Each structure stands twice: as C-alpha cells, then as structure tokens.
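Topology and contacts: notes
Each chain is listed here by its residues.
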Amino acid sequence: AETGLASPFCSVEMVCDNGKNYKFHLSESFTNDEGVKCHYFILEGIDVIYIVSAETAVWATVKPIEITSRNVFASTVWDIRELKISGRDIADKIITGDGTSKEDYVAKNDGKDLDTEHFRKFYAFMLSTAAEDLAFGKTIPENAEPVLSFSILDKYMTEPMVVEFYDDTEFMSLIVVDGECRYICTKGYVDTLAENIKRIDTGEEYIDKWKR
C-alpha cells in the first residue's frame, strides 16, 4: 500500500502460448534521491517489490493504438472481387475484379472496363487509411448517415466487410467496421478519399496528400 501497488497505476496480464500467464503491476511514477523518475513494480506470485526506471517501464505510457494494427483495409488489390462504394455527394458504384496479378487482373467499373493501374492506385490510397486512435466508448451518432461506405468482398471471404466513415468532431472522423466503432482518423483524409472516388471515373491522377 505504501508504494501505491495496492491500487496500481498500470496492470498488465500476458497470456502466453506456452500455457503460462504473467500479471504485473506498476505504481505511479516518483523521483528517487538521485533525481531519476521511477516506478515501483511487482510480479504476481513473487513477494518482491522492484524499482524500475520510467525509461524502461514502457507499459506505463504505452497506448492500445500502439500495439494494435492501424490498417483498416487488409485485402490485397488482386484479391478484390467486388468493391461497392456509396456516400454523401458521390455516385454509388460497383467495381468488380478478376485475376491474380497485375498481368491478368481485369477490373470493371459499373460493368465498364477500368484501367487496372488506375484501380490499383485508388486502392493503394484506400490502404493508406491509418487509424490515429481507437474509438473507445464511441457510438454511431443517432440517425447519422455515413459520409462514405465501402463493402469489400475478396476471394477469401464468404461475407463482405463493410467499412463506414462518420463525422465525429470538427476535425476527426469515426471509422466503423461491420457495425462496430473501431478507429478515429483525420477528417482531411476522408475528404480526400471522397475526391479520389470521383476521380475513378474521370481518370485524373489521385490526390495523395491531405490536411491533418
């Protein structure tokens, strides 16, 4: 209790594939007599309290987003069989594809031939969607419609994955995957993605930078 470990600042449980579980606790930081920032540390099952420097106590500052994949879209472009796109101020479209590589992949945009490289570049921009934070405690705003919606079916899926973007705050957007609030990203990216969707039809070069 004197070290603060009765009500720890941070607790970590690791379930390992060797059948062993480890659980440890860190106290709030303090500064020792030498002016070094430290934490008290205890491993459950061992009656020893250690002192570790804050520099090595990475679990005290790590954020869940740092150990979670930030990739929203995972399918590779040559595996895409159907990509449905809809959203605010854009025309609905269905892109289909068949093939295994850039040499034989054939893409169609609403039934019309779509240049394979043009589609690849668009999907590469989609893959650049990076979560900036996890959407802990977030819910889809009541009666809100998605700004953008994507339904992706690749050759390994039996059901499509649906990714939706909603307005969250003035500068940030909420990313919802299969109805579950997952991530937060910058609204500037979503605005640029919407513009690039329009460029699928025009053949213009895609924008690859956006305001954060």
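Attention here is on the structure that accompanies the text. Values in this document were obtained by computation on a predicted structure and should not be read as measured data.

How each quantity is defined
Residues numbered from 1 in each chain as written. Predicted model: local features only at pLDDT ≥ 70, side-chain atom pairs only at ≥ 80, totals over all residues. Heavy atoms only, no water. Salt bridge = Lys/Arg side-chain N within 4 Å of Asp/Glu carboxyl O. Helix = DSSP H or I, 4+ residues; strand = E, 2+ residues; numbered from the N terminus. Buried < 20%, exposed > 50% of the residue type's maximum accessible area, 1.4 Å probe, protein only. Core = buried A, V, L, I, M, F, W, Y, C linked by side-chain atoms within 4.5 Å. Contact = heavy atoms within 4.5 Å. Pairing = 2+ DSSP bridges. Axes fitted to C-alpha atoms, helices over the stretch in contact; angles between N-to-C directions.

1. Quick look at the pattern of salt bridges
- Applying the stated rule across the entire model yields 11 salt bridges.
- With a closest N to O distance of 3.1 Å, Asp168 and Lys138 form a salt bridge. Taken together, the positions of Asp168 in the loop between strand E12 (161-167) and strand E13 (172-177) and Lys138 in the loop between strand E10 (133-134) and strand E11 (148-154) put the pair 30 residues apart, joining distant regions of the chain.
- Since its relative accessible area comes to 28%, Asp168 is described here as partly exposed.

2. A short note on the nonpolar core
- Ranked by size, the top nonpolar core spans 37 residues in total, and within it Phe73, Leu83, Phe122, Leu148, Phe150 and Phe165 carry the most contacts.
- Considering every element that reaches this core, the biggest residue donor is helix H2 (residues 187-202), with six residues.
- Discounting chain neighbours no more than four positions away, the residues touching Phe165 are Phe73, Thr129, Pro146, Val147, Leu148, Phe150, Leu174, Ile175, Cys185, Val190 and Leu193.
- In terms of nonpolar packing, the next biggest core, distinct from the first, is built from seven residues, Phe24, Leu26, Ala57 and Ala60 among them.

3. A closer look at the sheet that holds strand E8 (residues 106-109)
- Across the sheet, nine strands lie side by side as E9-E8-E7-E6-E11-E12-E13-E14-E10; this open sheet has antiparallel pairing. In this open sheet, the two strands that pair with only one neighbour each are strand E9 (112-114) and E10.
- Sheet analysis places strand E6 (residues 80-87) next to E11, joined by seven bridges and oriented antiparallel. The residue bridging Gly87 from the neighbouring strand is Leu148, located in E11.
- Sheet strands touched by helix H1 (residues 116-127): E6, strand E7 (93-98), E8, E9 and E11. Its angle to E6, the strand with the most contacts, is close to 65 degrees.

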